[in-house]
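Here is what each chain is made of, one letter per residue.
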Amino acid sequence: MQDIKVYWQKLRDSQWGQKVRRWRLLFVAIPLLLSLSAVWWYFWMLSPANPKKQDTVSFEITRGMTAKAIGKSLKKQGLIKSSLVFLIYTKINQLDTKFKSGYYNLSYAMSLPKMVDKFVKGEVMLKKVTIPEGLTLGKIAEVFESNGLATKEEFLRLAIPSLFEEKYPFLKTLPEGATLEGFLFPDTYYFPKDSPVTLYIDAMIKRFYDVYYRNGEFLEKEKKLGLNTYQVITLASIVEREAKLSSEKPLIAAVFLNRLKKGMPLQSCATVEYVLKEHKKVLTLEDLKIESPYNTYINSGLPPGPISSPGLESIKAVLNPASVDYLYFVANMNGSHTFSKTYEEHLKAKKGNEQKR
């Protein structure tokens, strides 16, 4: 036993033994150093991408955007050091599915955890609001209410021409008692939260002004048609609600313009639905007899004003109607329409559609 101890002592003291001890130390030290380096690298990656650069930029998170996509976008803009670390951090902290969509004001000197915190809290710089074509003023007010920017009642109370006519003189030409129906241009907007409601309304009027009045061609064409802007927008709003296919808008506009020239009532179901405040697949005879100046089945000419906010396509369709002599159209099952020149042709087309149902 003593000999074995002596042997092992000599082996430990030998040059080979000393090498083994050094390697054993390295086997312990290297993983430890690597672990410490990985921890240091991870926390360094969480630090600001550029602490000295105080510039701020706008960053958008769209609805349904994944944490992976957000990380890649942040890295591409130079706002974070690593998209992988962004994903790891959000996964570890179970925050990867809690981001709120919207526009954020970010800085290159902002740490990754600070950015994530803003995304989770929804500290957006601007609120994205989309107003689709064909919405009524009431429905637009509901969009603002659903986005937390205004109550429907407050929006409608302030959506009146008199509050904006000094800035937009064309509003003074609107008939007495008219609202801003039709003149809040449908588009995608980015609004600051907690701002006066008039700021939101003003932005949509300005968009209409830029689209319609900055284009001298529109004013020239309305003169050739013998219409004013209010009449063009009124007719465009009907076209917007009647047409399902963009390609048919100039045809539908032509039908209505042809009927106006002949003194025929427009007989637009869309105007009746405006009175009813609901969409119906089929209007009843009672619906068509409803007493209202907007009912174009019992009143000739244009209704008192627009019935929705028309988009650019519908406005252009009225100003550039198809060169046809159609006076009637009937809706088909697929969303298209069959156009006719005579009432007899119209009845035949209508009967054909009824047989297909």
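What you are looking at is a predicted structure, and each value in this text was computed from that prediction instead of being measured. (Residues numbered from 1 in each chain as written. Predicted model: local features only at pLDDT ≥ 70, side-chain atom pairs only at ≥ 80, totals over all residues. Heavy atoms only, no water.)

Visitor: Could you give me a rundown of the nonpolar core, with the residues and numbers involved?
Guide: If you look at the biggest cluster of nonpolar residues, it comprises 58 residues, and the most contacted ones within it are Ile131, Phe144, Phe155, Leu184, Ile201, Ile205 and Tyr212. Elements represented by at least two residues in this core include exactly α6 (137-146), α7 (152-158), β4 (188-191), α8 (197-212), α10 (229-242), α11 (249-262) and α14 (312-319). Counting residues per element, this core draws most heavily on α8, at 8 residues. Each of domain 2 (127-214) and domain 3 (227-326) gives at least three residues to this core. Every residue in contact with phenylalanine 144, bar those within four places of it in the chain, is listed here: Val129, Ile131, Leu149, Ala150, Phe155, Phe191, Tyr200 and Met204. Within the second largest apolar cluster, 25 residues are counted, among which are Leu46, Ile70, Ile80 and Val85. (Core = buried A, V, L, I, M, F, W, Y, C linked by side-chain atoms within 4.5 Å. Buried < 20%, exposed > 50% of the residue type's maximum accessible area, 1.4 Å probe, protein only. Helix = DSSP H or I, 4+ residues; strand = E, 2+ residues; numbered from the N terminus. Domains from an automatic or database assignment. Contact = heavy atoms within 4.5 Å.)

Visitor: Which residues make up helix α4 (residues 83-92), and what values do they have?
Guide: Restricting attention to buried positions, one finds in α4 the residues Val85, Phe86, Tyr89 and Thr90. Along the axis of α4, the buried positions cluster into a sector of 130°, meaning they face one direction only. Regarding α4, its N-cap is serine 82, as a side-chain oxygen of that residue lies 3.3 Å from the backbone nitrogen of leucine 84 further along. Remark: glutamine 94 follows α4 within two positions and exhibits a positive phi of approximately 55°. (Arc of directions from axis to C-beta. Polar contact = N/O pair within 3.5 Å; in protein donor to acceptor, adjacent residues only side chain to side chain.)

Visitor: Kindly report on the pattern of salt bridges, identifying the contributing residues and their values.
Guide: A full pass over the atoms with the stated rule returns 15 salt bridges. Here aspartate 96 ties to lysine 91 by a salt bridge, and the two come within 3.2 Å at their closest N and O atoms. Each of Lys139, Glu142 and Lys152 takes part in salt bridges that share partners, so that together they form one network. (Salt bridge = Lys/Arg side-chain N within 4 Å of Asp/Glu carboxyl O.)

Visitor: Report on α8, specifying residues and quantitative values.
Guide: Under the 1.5 Å per step criterion, the end-to-end length of α8 is 23 Å for 16 residues, consistent within 8% with the ideal 22 Å. Three or more residues of α8 are buried, namely Val197, Tyr200, Ile201, Asp202, Met204, Ile205, Phe208, Val211 and Tyr212. Tucked into the core, α8 has its buried residues touching α6, α7, β4, α9 (216-225), α10 and α14. (Expected span 1.5 Å × (residues − 1).)

Visitor: I'd like a rundown of the environment of valine 129, residues and numbers included.
Guide: Within the secondary structure layout, valine 129 lies in strand β3 (residues 127-130). For the pair valine 129 and phenylalanine 144, spaced 15 residues apart in the sequence, the C-alpha separation amounts to 7.7 Å. Among residues more than four places away in sequence, those in contact with valine 129 are Val143, Phe144, Asn147, Leu149, Asp187, Thr188, Tyr189 and Phe191.

Visitor: Just give me the short version of unusual backbone geometry, but keep the residues and values in it.
Guide: Residue glutamine 94 is not a glycine yet carries a positive backbone phi of 55°. Inspection of the secondary structure assignment puts glutamine 94 in the loop between α4 and β2 (102-107). Residue glutamine 94 is classed as exposed on the basis of its relative accessible area, which comes to 58%. Positioned with a positive phi, glutamine 267 is a non-glycine residue whose angle comes to about 50°. Structurally, glutamine 267 can be placed in the loop between α11 and α12 (269-276). On the basis of relative accessibility, which here comes to 36%, the residue glutamine 267 falls in the partly exposed class.

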